[in-house]
Amino acid sequence: MTPSDDAGPLQFLAGYGNIVPGLESEMIGMKIGESKDVVVKPEDGYGEFDDEAFMDVPRNEFPEDMEIEEGVELNVTDEDGQNQYARVENITKETVRLDFNHPLAGAELHFSVKVVALRDPTEEELDHGHVHEEGHHH
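Residues numbered from 1 in each chain as written. Predicted model: local features only at pLDDT ≥ 70, side-chain atom pairs only at ≥ 80, totals over all residues. Heavy atoms only, no water.

(A) How the structure looks around the overall build of the protein chain. Across its full length, the protein chain holds 3 helices and 6 strands. Helices and strands appear in the protein chain in the N-to-C order α-α-β-β-β-β-β-β-α. On C-alpha atoms alone, the protein chain measures out to a radius of gyration of 19 Å, which is more than a quarter above the 14 Å that the 2.2 N^0.38 rule sets for 138 residues. For the protein chain, the residues scored as buried account for 24% of the 138 residues in total. In the protein chain, once contacts between residues fewer than 6 apart in sequence are set aside, the share between residues at least 24 apart is 56%. Surface accessibility of the protein chain: about 10,100 Å² in total, with carbon and sulfur atoms responsible for 47%. (Helix = DSSP H or I, 4+ residues; strand = E, 2+ residues; numbered from the N terminus. Rg over C-alpha atoms; globule rule 2.2 N^0.38 Å. Buried < 20%, exposed > 50% of the residue type's maximum accessible area, 1.4 Å probe, protein only. Contact = heavy atoms within 4.5 Å. Areas by Shrake-Rupley, 256 points an atom, 1.4 Å probe, with all protein chains shown as cover.)

(B) Fine view of the sheet that holds strand S4 (residues 83–91). Across the sheet, 4 strands lie side by side as S2-S5-S4-S3; this open sheet has antiparallel pairing. In this open sheet, the two edge strands, each paired with only one partner strand, are strand S2 (54–58) and strand S3 (73–77). The mean inter-strand angle of the sheet, taken between neighbouring strand axes irrespective of direction, is 45°. As judged from the 4 bridges shared by S4 and strand S5 (residues 95–99), these two strands associate in the antiparallel manner. Each bridged residue has a counterpart across the sheet, and for isoleucine 91 the counterpart in S5 is valine 96. (Pairing = 2+ DSSP bridges. Axes fitted to C-alpha atoms, helices over the stretch in contact; angles between N-to-C directions.)

(C) Representation of the environment of leucine 74 in the model. Among the secondary structure elements, leucine 74 is positioned in strand S3. For the pair leucine 74 and valine 88, spaced 14 residues apart in sequence, the C-alpha to C-alpha distance is 7.7 Å. Leaving out residues up to four positions away in the same chain, leucine 74 has contacts with Phe62, Met66, Gln84, Tyr85, Ala86, Val88 and Leu98.

(D) Spatial organisation of the side chain of aspartate 99. When you line up the elements, aspartate 99 lands in strand S5. The exposure class of aspartate 99 is buried, given its relative accessible area of 1%. Within the local environment of aspartate 99, its side chain forms a polar contact with the side chain of arginine 87, the two groups lying 2.8 Å apart. At 2.8 Å, the side chain of aspartate 99 forms a polar contact with the backbone nitrogen of asparagine 101. Aspartate 99 has contacts with Phe49, Ala53, Phe54, Tyr85, Ala86, Arg87 and Glu89, leaving out every residue within four places of it along the chain. (Polar contact = N/O pair within 3.5 Å; in protein donor to acceptor, adjacent residues only side chain to side chain.)

(E) Broad picture of the nonpolar core. The biggest cluster of nonpolar side chains holds 10 residues, and these are Ile19, Val20, Leu23, Met27, Met30, Val38, Val40, Leu109, Val113 and Val115. Residues Phe62, Ile68, Leu74 and Val76 belong to the second largest nonpolar core, which totals 9 residues. (Core = buried A, V, L, I, M, F, W, Y, C linked by side-chain atoms within 4.5 Å.)

(F) Structural view of the pattern of salt bridges. By the definition in use, this model includes 4 salt bridges. Here glutamate 26 and lysine 36 are joined by a salt bridge, their closest N and O atoms 3.5 Å apart. Of this pair, glutamate 26 sits in helix H2 (residues 21–27) while lysine 36 sits in strand S1 (residues 35–40), placing them 10 residues apart in sequence. For lysine 36, a relative accessible area of 26% gives the class partly exposed. (Salt bridge = Lys/Arg side-chain N within 4 Å of Asp/Glu carboxyl O.)

Here it is as structure tokens:
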């Protein structure tokens, strides 16, 4: 069973980086009803694992009431105000070591895909750069 089996078909806007580049490039040109198995190398997926993508943050920079455990995933804001994914790698009395690698960094990805429908995007979707499914709000 794949993740999209549970939620129905995955919709994406081609050419806007909504899915990993290696999968998108393999799907471009597919027709309705066509299916294939796709293997995506790390460099065309979530990137190679970066040994430098770690940061030690003083423990006192986290809220006192925040429970921090190894493996917990966080959204952190960098100096430019951008949100970034981080996972707690380990904890000492003084520091929390954060891993900024995507959980699938360095992994070869395997997909079994089938195109079930194609449609032109709406102007709003083109403006926003992603599909607007039913119930989508900004």
